[in-house]
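A look at the structure
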Amino acid sequence: GSSEHAPLCVWASAMIVLVCAGMPLSVLGLSYLAFGPSGKRWQRGFVSLLTASYSPRFFYFEAIDLLRKLLLSSVVVVVEPTTRLQLIFGQVVAGLAVFIFVGVQPYKEAPFNFLQGLACLQVFITFVAASALHHAPGESVSHATWEVGVMLIAANSLCLFSIPVYALYALREAQRIAREI
């Protein structure tokens, strides 16, 4: 029964909160120590794996991205499983990620900003499509709902296939520029 699993549920919930809050806060703290007013060169080298792809003024952005990843991979799993609320939670997190990454453009290289925005959009469309097609057992789904779902899946597929196409284009453009130098 559920009462015998209660301690495990409490433990799992506590771990989700600790990891989803603790990991991004740890990354943020380490990044601030390295890039803050009293940051030292060796500290920046220590966190460079986490910060090297971001513009210097966005040294903290890995913490934001980590929070996004944890919310979409851990928290979404326990938010009212198999309900529309779970899908709405995913939509809100993924939608915010699209606006944040497209609006802020934290990466040093423009192609990375575009690719991250496209990847976040693809995840957002996935949640929107799942929400559009979600129905309770025994509930009938209208033909119009299925049409919307198919269009969303097509848009999702377009985003998904655009990522490697654009990545190859950006790579070839970088090679062309390197040859000109």
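On a predicted model such as this, the values are computed, not experimentally measured, just so you know. (Residues numbered from 1 in each chain as written. Predicted model: local features only at pLDDT ≥ 70, side-chain atom pairs only at ≥ 80, totals over all residues. Heavy atoms only, no water.)

1. Some thoughts on helix α7 (residues 143-180)
Test applied: Secondary structure elements are taken from DSSP: a helix is a run of H or I of four residues or more, a strand is a run of E of two residues or more, and numbering for both begins at the N terminus. Residue count minus one, scaled by 1.5 Å, sets the expected span of a helix. Two axes enter the bend calculation: one fitted to the seven residues ending at the residue in question, the other to the seven starting there, and the bend is the angle between them. Three exposure classes are used, based on accessible area relative to the maximum for each residue type with a 1.4 Å probe and protein chains only: buried under 20%, partly exposed in between, and exposed over 50%.
An ideal rise of 1.5 Å per residue puts 56 Å on 38 residues; α7 measures up with 55 Å between its terminal C-alpha atoms. At S162, α7 is deflected by roughly 25°, the largest bend along its length, and proline P164 occurs up to four residues later in sequence. For α7, the set of buried residues is G149, L152, N156, C159 and A170.

2. So, the environment of L50
Stated precisely, the cut-off is as follows: Only heavy atoms matter for contacts: two residues are in contact if any of them lie within 4.5 Å across the pair.
Within the secondary structure layout, L50 lies in helix α3 (residues 48-51). When the C-alpha positions of L50 and T145 are compared, they lie 42 Å apart, and in sequence the two are 95 residues distant. L50 has contacts with V27 and E62, leaving out every residue within four places of it along the chain.

3. A word on the packing of aromatic side chains
We describe a pair of aromatic rings using the distance from one ring centre to the other and the angle between the two ring planes. Note the following rule: Here is the rule: rings of Phe, Tyr and Trp (six-membered ring for Trp) pair when centre to centre is within 6.5 Å. Planes less than 30 degrees apart are stacked, more than 60 are edge-to-face, and the remainder are tilted.
Applying the stated rule across the entire model yields 12 aromatic pairs. When the centroid spacing of 6.2 Å and the interplanar angle of 70° are considered together, the rings of F58 and Y60 count as edge-to-face. Residue F58 is classed as buried on the basis of its relative accessible area, which comes to 8%. Overall, Y60 belongs to the partly exposed group, its relative accessible area being 26%. On the basis of an interplanar angle of 80° and a centroid distance of 6.4 Å, the ring pair of Y107 and F112 is categorised as edge-to-face. For Y107, a relative accessible area of 10% corresponds to the buried category.

4. As for the layout of surface pockets
The line we're drawing: Every definition here rests on a 1 Å grid over the protein atoms only: cavities are sets of points where a 1.4 Å probe fits but cannot get out, pockets are open sets enclosed by protein on both sides within 12 Å along at least five of seven lines, and lining residues have some atom within 4 Å of a point. Grid points are joined across faces, edges and corners, and a volume is the space filled by probe spheres set on the points. Side-chain classes follow a simple rule in which Ala, Val, Leu, Ile, Met, Phe, Trp, Tyr, Cys and Pro form the nonpolar group, Asp, Glu, Lys and Arg form the charged group, and the remainder, Gly included, forms the polar group.
In this structure, the largest pocket encloses a volume near 160 Å³. What lines the largest pocket is E109, P111, F112, L115, Y166, A167, Y169, A170, L171, E173, A174 and I177. Examining the composition of the lining of the largest pocket, we find that 8 residues originate from one element, α7, more than from any other. For the lining of the largest pocket, the residue count by class is 10 nonpolar, no polar and 2 charged.

5. Topic: the side chain of R68
Along the polypeptide, R68 turns up in helix α4 (residues 61-78). For R68, a relative accessible area of 16% translates into the label buried. Residues in contact with R68, not counting those within four places in the same chain, are V93, A97, F101, Q116 and C120.

6. A look at the pattern of salt bridges
The test is simple: Salt bridge, as used here: a side-chain nitrogen of Lys or Arg that lies within 4 Å of a carboxyl oxygen of Asp or Glu.
Under the definition given, this model contains 4 salt bridges. Residues K69 and D65 are paired through a salt bridge, measuring 3.4 Å at the closest nitrogen-oxygen approach. With K69 and D65 both in helix α4, this residue pair falls 4 residues apart, about one helical turn. The salt bridge partner of E173 is R176, with a shortest N-O separation of 2.3 Å. With E173 and R176 both in helix α7 and 3 residues apart, the pair spans about one turn of that helix. What makes E173 partly exposed here is its relative accessible area of 26%.

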